[in-house]
Amino acid sequence: MSNNWKKNFSNVALSSKPSPVRELLKVIRQPGMISFAGGMPAPEVFPAEQFHEGSEKLRTDAPLLLQYGTTEGYEPLREFLSKWTAPRMGREVGLDEMLLTTGSQQALDLLGWAMLDPGDVVITEDPTYMAALNTFRNHGAQFASVPMDSEGMMVSELPPLIERLRASGKKPKFIYTIINFQNPAGATTTVERRKELVDIAARYDLTIFEDDPYGYVRFDGEHLPSVFSFDKSGNTLYAGSFSKILSPGVRIGWVSGAKEIIRQMAIFKQTTDLCSSPITQVLTHEYCRKGYLDAHLPSIIKNYREKRDAMEASFEKHLAPLGVTWVKPQGGFFYWINTGAIDSDELAKRAIEKKVAILPGAPFCVDPEAGKHAARINYTFSNPDVIEEGVSRLAQAIQEMRIPA
Ligand SMILES: Cc1ncc(COP(=O)(O)O)c(C=O)c1O
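What you see is a predicted model; the values in this text were computed from it and never measured.

A. Region of the structure containing the overall build of the chain. Tallying secondary structure elements over the chain gives 17 helices and 14 strands in all. Expected size for 405 residues packed as a compact globule is a radius of gyration near 22 Å; at 21 Å, the chain falls within 12% of this value. Counting only C-alpha atoms, the chain reaches 65 × 60 × 55 Å along its principal axes. Relative to its 405 residues, the chain shows a buried fraction of 53%.

Below is the structure:
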């Protein structure tokens, strides 16, 4: 039987690429493999017992849980989130200013539907979240990027970039930023830069999309106010997620912003999935309503802080002598290491042979050259002894690749 599918594929399908992370997940299931590649929560932090308590609702409230839900999302959960996020957002957002999504990943896609025409430009940090690039690319986006340093996005580079883009006839539509413990770079944007970002966006009449799945996973220092809280013009959208603070399996995220854009995103959600699962929305609300989310967060933070510290110690021991450099993240899931002269694509392949999986930097970068000597390393998934073993294997791989002086 001949396979004729491809000849009828859309142009977007023909130019789409599988995610290296999701492809790698197949390899990391091999026995003996240590994975620093994914962005997964630790299995031991899932609050199985407390979450299970709500499951009684499956019997008692079947007509609600087993039925279609509203596209905008389960109202009591939106009410909870509006209050729970208020300290970070500067106020309680209205119910018509919030949409629940099937993971915050869906918020990226809905924004693409609502704002992007083919050829429009999205301004990102470099590096940035790979699946955001791929999602916006599906909507025909082109990218322009601003580098990061240890203080987050280098926002002073934005005005000349925007002016260059406009002078060449391009249409920048929004600035995409991961403001806390950035994926993959680990850096957090300072308060000064957050304010500056809002000023620049207002001056150039651009939207900001503030993606913040890691913000509540802070190990050191104080929580910082969101970009949304500084923006009095209503140009900022804020996306949050339960994936890193409760469970990615519930597939619940939220996006808050001006009601016009939230409404438009809801209209696209009507055709994307009609609604997110009422089962997980109701169970998640039960969990939150009882105070379990607040009670449980410190134990997640403690678990990940210990692992971050274990990785820091292993890096000092094994990688620092090899010339590898990094910035210690104050929260979140990732280290971003600079591998010096070593090509990180080659290193990732060599590391797999040593049974340790890392992600090379290039797929995270708008300018692939920028990621050639960098790699993302996750610390939340493995236990401290496994972290030590994995980093020592990585060091062996680097050692073997080092060019003799
Ligand atoms: C920066 C960023 N945004 C969005 C997502 C999507 O998360 P989810 O769809 O699980 O809420 C992730 C997941 O890793 C992420 O790192």
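B. Local environment of the domain arrangement of the chain. Under the domain assignment, the chain is made up of domain 1 (10–46 + 296–401) and domain 2 (50–292). Each of domain 1 and domain 2 has a C-alpha centre, and these two points are 24 Å apart. Every contact between the two is made by 31 residues of domain 1 and, on the other side, 31 residues of domain 2. Carbon and sulfur atoms supply 64% of the area buried between domain 1 and domain 2, which totals about 2,800 Å² over both sides. Sorting the residues of domain 1 by area buried against domain 2 places Gln330, Phe364 and Val366 first, and these three jointly supply 23% of that buried surface. For the pair domain 1 and domain 2, the interface holds one salt bridge.

C. Here's a closer look at the nonpolar core. Grouped together as the largest cluster of nonpolar side chains are 63 residues, with contacts concentrated most on Phe242 and Leu319. When residues of this core are traced back to their parent elements, those giving at least two are helix 6 (75–84), strand 2 (98–101), helix 14 (278–289), helix 15 (292–319), strand 11 (334–338), helix 16 (344–353), strand 14 (374–378) and helix 17 (384–401). The greatest single-element share of this core, amounting to nine residues, is contributed by helix 15. Two domains each donate at least three residues to this core, and these are domain 1 (10–46 + 296–401) and domain 2 (50–292).

D. Quick peek at the site of the ligand. Neighbouring residues of the ligand: 13 residues in total, closest Ser104, Asp211, Tyr214, Ser241 and Ser243. The separation between an oxygen atom of the ligand and a polar side-chain atom of Asn183 is 2.8 Å. Between the ligand and Lys244 there is a distance of 3.0 Å, counted from an oxygen atom to a side-chain nitrogen or oxygen. Of the residues belonging to the shell around the ligand, the class tally is four nonpolar, six polar and three charged.

E. View of the pattern of salt bridges. Counted by the stated rule, this structure contains 24 salt bridges. Close ionic contact of Lys269 with Asp273 constitutes a salt bridge, the shortest N to O distance being 3.0 Å. By relative accessible area, Lys269 is classed as buried at 0%. Close ionic contact of Arg393 with Glu389 constitutes a salt bridge, the shortest N to O distance being 2.9 Å. Within this pair, Arg393 and its partner Glu389 are both found in helix 17, separated by four residues, close to a single helical turn. Arg393 sits in the buried class, given a relative accessible area of 17%. Taking the relative accessible area as the measure of exposure, Glu389 reaches 35% and is therefore partly exposed. Via salt bridges that share partners, Glu53, Lys57, Asp61, Glu286, Arg289 and Lys290 belong to a single interconnected network.

F. Structural context of the packing of aromatic side chains. Applying the stated criterion across every chain yields a total of 18 aromatic pairs. Ring centres of Phe136 and Phe174 lie 5.2 Å apart, and the angle between their planes is 75°; on these two criteria the pair is classed as edge-to-face. Of this pair, Phe136 sits in helix 9 (residues 130–138) while Phe174 sits in strand 6 (residues 172–178), and the two are 38 residues apart along the sequence. A residue is classified by how much of its surface remains accessible, and Phe174, at 0% relative accessible area, is buried. Taken together, the ring pairs connect Phe219, Phe315, Trp326, Tyr335 and Tyr379 into an aromatic cluster.

G. Highlighting the sheet that holds strand 6. Within the open sheet, the eight strands sit side by side as 2-9-8-7-6-3-4-5. Their pairing is mixed. Of all the strands in the sheet, just strand 2 and strand 5 (152–153) have a single pairing partner and so form its edges. Examined bridge by bridge, strand 6 and strand 7 (residues 207–211) share five bridges and lie parallel to one another. Bridged to Thr177 within strand 7 is Glu210.

H. Representation of unusual backbone geometry in the model. In this model, Asp126 is joined to Pro127 through a cis peptide bond whose omega is 5°. Relative to the elements of secondary structure, Pro127 occurs in the loop between strand 3 (121–126) and helix 9. Cis geometry marks the peptide bond from Asn183 to Pro184, where omega comes out at 15°. Within the secondary structure layout, Pro184 lies in the loop between strand 6 and helix 11 (191–203). Phi at Phe181 is positive, roughly 45°, even though this residue is not glycine. Looking at the element boundaries, Phe181 is found in the loop between strand 6 and helix 11. Given a relative accessible area of 1%, Phe181 falls into the buried group.

Reading guide: rules and limits
Residues numbered from 1 in each chain as written. Predicted model: local features only at pLDDT ≥ 70, side-chain atom pairs only at ≥ 80, totals over all residues. Heavy atoms only, no water. Helix = DSSP H or I, 4+ residues; strand = E, 2+ residues; numbered from the N terminus. Rg over C-alpha atoms; globule rule 2.2 N^0.38 Å. Buried < 20%, exposed > 50% of the residue type's maximum accessible area, 1.4 Å probe, protein only. Domains from an automatic or database assignment. Contact = heavy atoms within 4.5 Å. Buried area = accessible area lost by both parts, 1.4 Å probe. Salt bridge = Lys/Arg side-chain N within 4 Å of Asp/Glu carboxyl O. Core = buried A, V, L, I, M, F, W, Y, C linked by side-chain atoms within 4.5 Å. Near = heavy atom within 4 Å. Polar contact = N/O pair within 3.5 Å; in protein donor to acceptor, adjacent residues only side chain to side chain. Nonpolar A, V, L, I, M, F, W, Y, C, P; charged D, E, K, R; others polar. Phe/Tyr/Trp six-rings, centres within 6.5 Å; stacked < 30°, edge-to-face > 60°. Pairing = 2+ DSSP bridges.

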